[in-house]
Structure formats: C-alpha cells, structure tokens
Amino acid sequence: MKNIFFQNNFEKSQEVLILDKSDGDVANFGKQWRDHVDVQIDSKNNFNISKNYLKDLLFGDLEILRNKDVLEIGSGAGRFTEHICKYANNCVSVDLSSAIFYNVASKEKNLIRIKADFSKLLPQKKFDIVFYRGVLQHTPNPKESILRLFSFVSKEEGMVFFDIYPRPKIGFLHPKYLFWRPFFKTLISYEVCENFLKKNITLILKVKRNIKKIFFNSDFLSDCLIPVWDYYGKIDLNKEQLESWAVLDTLDGLYAKYDYPMSNKEVSLLLSNHSITIQETDKVRNFFKASLRNKKK
C-alpha cells in the first residue's frame, strides 16, 4: 500500500518505512517483542483477549473502525493491528522500536508499517481514527504526546482513542518507582533479568501468590515485595501463558526508560484547556475517546 498520509522522506527496509533508524530510548521494547512476539497475539493463542481489550478501549464499538483510515501508534508486535486491519480501510501502524519489524499483521494488504517517533511525522492526509494504547506513559512528555495525537485527525470527523496508566494513589512513592526500577536498571542488565525470570518464573509466581494470601490477597503489598507481574485470577490464561505474560510484562515494567502516569482528572483538564472534547471516558482504566469537534447532544 502506498504512503499517502505523511510528507516525510522515508527509507525502506523489509517493507517497513523508516524515519528513525535507532530505537533510541525504547530499545528494550524492541527486544521484548522480538523474543516474545506471540505472547499476547490472539491468532497465535486461540483466545480473544486482545480483541476484547481493543473493543473496551473503543467503548464497545469495534464497528467504528469499519472502512476508516486508522493510525495506530505504539503497535508493538501487532496484538491490536491484526484486528484493526480486519475492519479498517487502511491501517498505518507506527512504532519507534524495532518491534515494528515483527508485527504479526505484516502481510495484510491494507497495512503500512512505519518505524518512527510519531511526533516527527508530518501529516499530509488526515486520519479518521487515531488509536494509542499502553504507550503514552512511556513517552518523555505525555502531555505533549497527548496533544500531538490530535494533529493527525480532521476537526470535523476525526476521533482519538487513547489510554494512559493511572497514577498510583501514593504516586512516585510506590516501590516500583522508588526502589525496584532504579535497582534493576542500575545493577541488573535486561538480559540477566530475562534469563533469571525464564528459569525461575514458576517458583517466583508460587511464592508471590502465597505472600498475597498472607497479606489478605493484597496486590499492592505482594507487588511491593515481589515486583513481578501476575495475571492469575485476572485474565483467563493457562499456566504456561500466565508465566509468559509475567516474564514479558515484568521486563516491560522494570526497564522502561520513562514512566509518567497521569490521573483521569489531569488528562481531562489538559484536554479541556486545549478545547478538545471528551466524548467518553473510563475513569477507572483511564480510557479516553476525544475529538476536536463539540460533543453531540
């Protein structure tokens, strides 16, 4: 599919349009999706977890993608791309990391893959929908990133769907920020941590779940003591899948260069101050559907 959406001059490699050759500060994400490419992919695991999550972030309306030109930013290994392509007229997936080379929807004829910092992209043709999930908190300046999303959609019809991780109640006093992340990033390399997790994840999860029982099933306290992500009882996964997800998301959580969560109130105020209309929001999960046009009554 020919690029009609951006003015930038791209190089091309492996059918990917390249603006930024370096992975920059997101090199760890490229490693994650290279080595764990199939972990969250519905078509590879015979589940619909990613499709259902996509539907949730679209506020229950997958059909809103039908025959639309969609810009997906931070696409990773394509857990959402493979579903967006089934509905969209065109899907342009952007990722700064080398994960873009491993996108599982790469053979779809209505897909364009771009390796770039999305803030450098110069729009030539506006999109109907911009979709940005699970990445905003990992940008250097989430507020600027959120506002930048709206430069890619038309004022009349365009819609932006995004989320950003909610700020913990104790903010940056949370042990993940105060201790665990600095400890791992300073003293333990990504590769050493990955190898340790792969070899010991069964035991680690067993210990963590027992600790959780001792502390009255408190996720917060068990997370403070053992900073390993565990989806037991939260997502319908088998034992092997739970362990794979634990390894992947622990690496994601501990080695991110930036992590700036925002409260729903902070995001809402930001949008309001820039005359951006919130069409819908989920205050618990921090999902937003917003546009440049006035909200329909």
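Data block above holds the structure.
Here is what the cut-offs are and how they apply
- Residues numbered from 1 in each chain as written.
- Predicted model: local features only at pLDDT ≥ 70, side-chain atom pairs only at ≥ 80, totals over all residues.
- Heavy atoms only, no water.
- Axes fitted to C-alpha atoms, helices over the stretch in contact; angles between N-to-C directions.
- Helix = DSSP H or I, 4+ residues; strand = E, 2+ residues; numbered from the N terminus.
- Parallel < 35°, antiparallel > 145°, perpendicular 65-115°, else oblique.
- Contact = heavy atoms within 4.5 Å.
- Nonpolar A, V, L, I, M, F, W, Y, C, P; charged D, E, K, R; others polar.
- Left-handed = near helix turned anticlockwise from the far one by under 90°.
- Core = buried A, V, L, I, M, F, W, Y, C linked by side-chain atoms within 4.5 Å.
- Buried < 20%, exposed > 50% of the residue type's maximum accessible area, 1.4 Å probe, protein only.
- Phe/Tyr/Trp six-rings, centres within 6.5 Å; stacked < 30°, edge-to-face > 60°.
- Arc of directions from axis to C-beta.

Where helix 6 (residues 175-187) meets helix 9 (residues 239-255), the axes come as close as 8 Å, and the angle between the chain directions of the two elements is 100°. When the interaxial angle is binned, helix 6 and helix 9 end up roughly perpendicular. Side by side, helix 6 and helix 9 meet where Lys 176, Trp 180, Arg 181, Phe 184 and Lys 185 of the first sit next to Gly 253, Leu 254 and Tyr 255 of the second. Looking at the contact of helix 6 with helix 9, its residues break down into 4 nonpolar, 1 polar and 3 charged.

Time to look at the packing of helix 5 (residues 142-149) against helix 10 (residues 264-273). Their axes nearest at 11 Å, the elements helix 5 and helix 10 cross at an angle of 50°. Here helix 5 lies oblique to helix 10, going by the angle between them. In the packing of helix 5 onto helix 10, the handedness of the crossing is right-handed. Only Val 267, Leu 270 and Leu 271 of helix 10 make contact with helix 5, whose side of the interface consists of Lys 143, Ile 146 and Leu 147. Within the contact of helix 5 with helix 10, the residues separate by chemical class into 5 nonpolar, no polar and 1 charged.

All right, on to the nonpolar core then. By size, the foremost hydrophobic cluster in this structure holds 32 residues, and its most contacted members are Phe 6, Ile 114, Leu 149 and Phe 162. For this core, the secondary-structure elements that each account for two or more residues are strand 3 (69-73), strand 4 (90-95), strand 5 (111-115), strand 6 (129-132), helix 5, strand 7 (159-163), helix 10 and strand 9 (287-291). No other element matches helix 10, which puts 3 residues into this core. When sequence neighbours within four positions are dropped, the list of residues in contact with Ile 114 reads Phe 6, Phe 10, Val 16, Leu 17, Val 92, Ser 93, Val 94, Asp 95, Ile 100 and Leu 121. Counting 20 residues, the second largest nonpolar core, distinct from the first, contains Leu 54, Ala 105, Phe 131 and Met 159.

On to the packing of aromatic side chains, then. For the structure on display, the rule yields 18 aromatic pairs. Plain terms: the ring middles of Phe 179 and Phe 183 are 5.6 Å apart, the flat faces sit at 20° to each other, and that makes the pair stacked. In this pair, Phe 179 and Phe 183 both sit in helix 6, 4 residues apart, roughly one turn of the helix. Centre to centre, the rings of Tyr 190 and Tyr 255 are 5.6 Å apart; their planes meet at 70°, and the pair counts as edge-to-face. Taken together, the residues span a long stretch of sequence, with Tyr 190 in helix 7 (residues 190-214) and Tyr 255 in helix 9 at a distance of 65 residues. For the residue pair Tyr 190 and Tyr 255, the accessibility class agrees, reading buried in each case. Of the aromatic side chains, those joined through ring pairs into one cluster are Phe 5, Phe 6, Phe 118, Phe 127, Tyr 132 and Phe 152.

The complete set of buried residues in helix 3 (residues 49-57) reads Ile 49, Ser 50, Leu 54 and Leu 57. Taken end-on, helix 3 shows its buried residues confined to a sector of 135°, consistent with a single buried face. Taken together, the buried residues of helix 3 touch helix 2 (42-45), helix 4 (81-87), strand 6, strand 7, helix 9 and strand 9. Phi turns positive, to about 55°, at Phe 59, one or two residues after helix 3.

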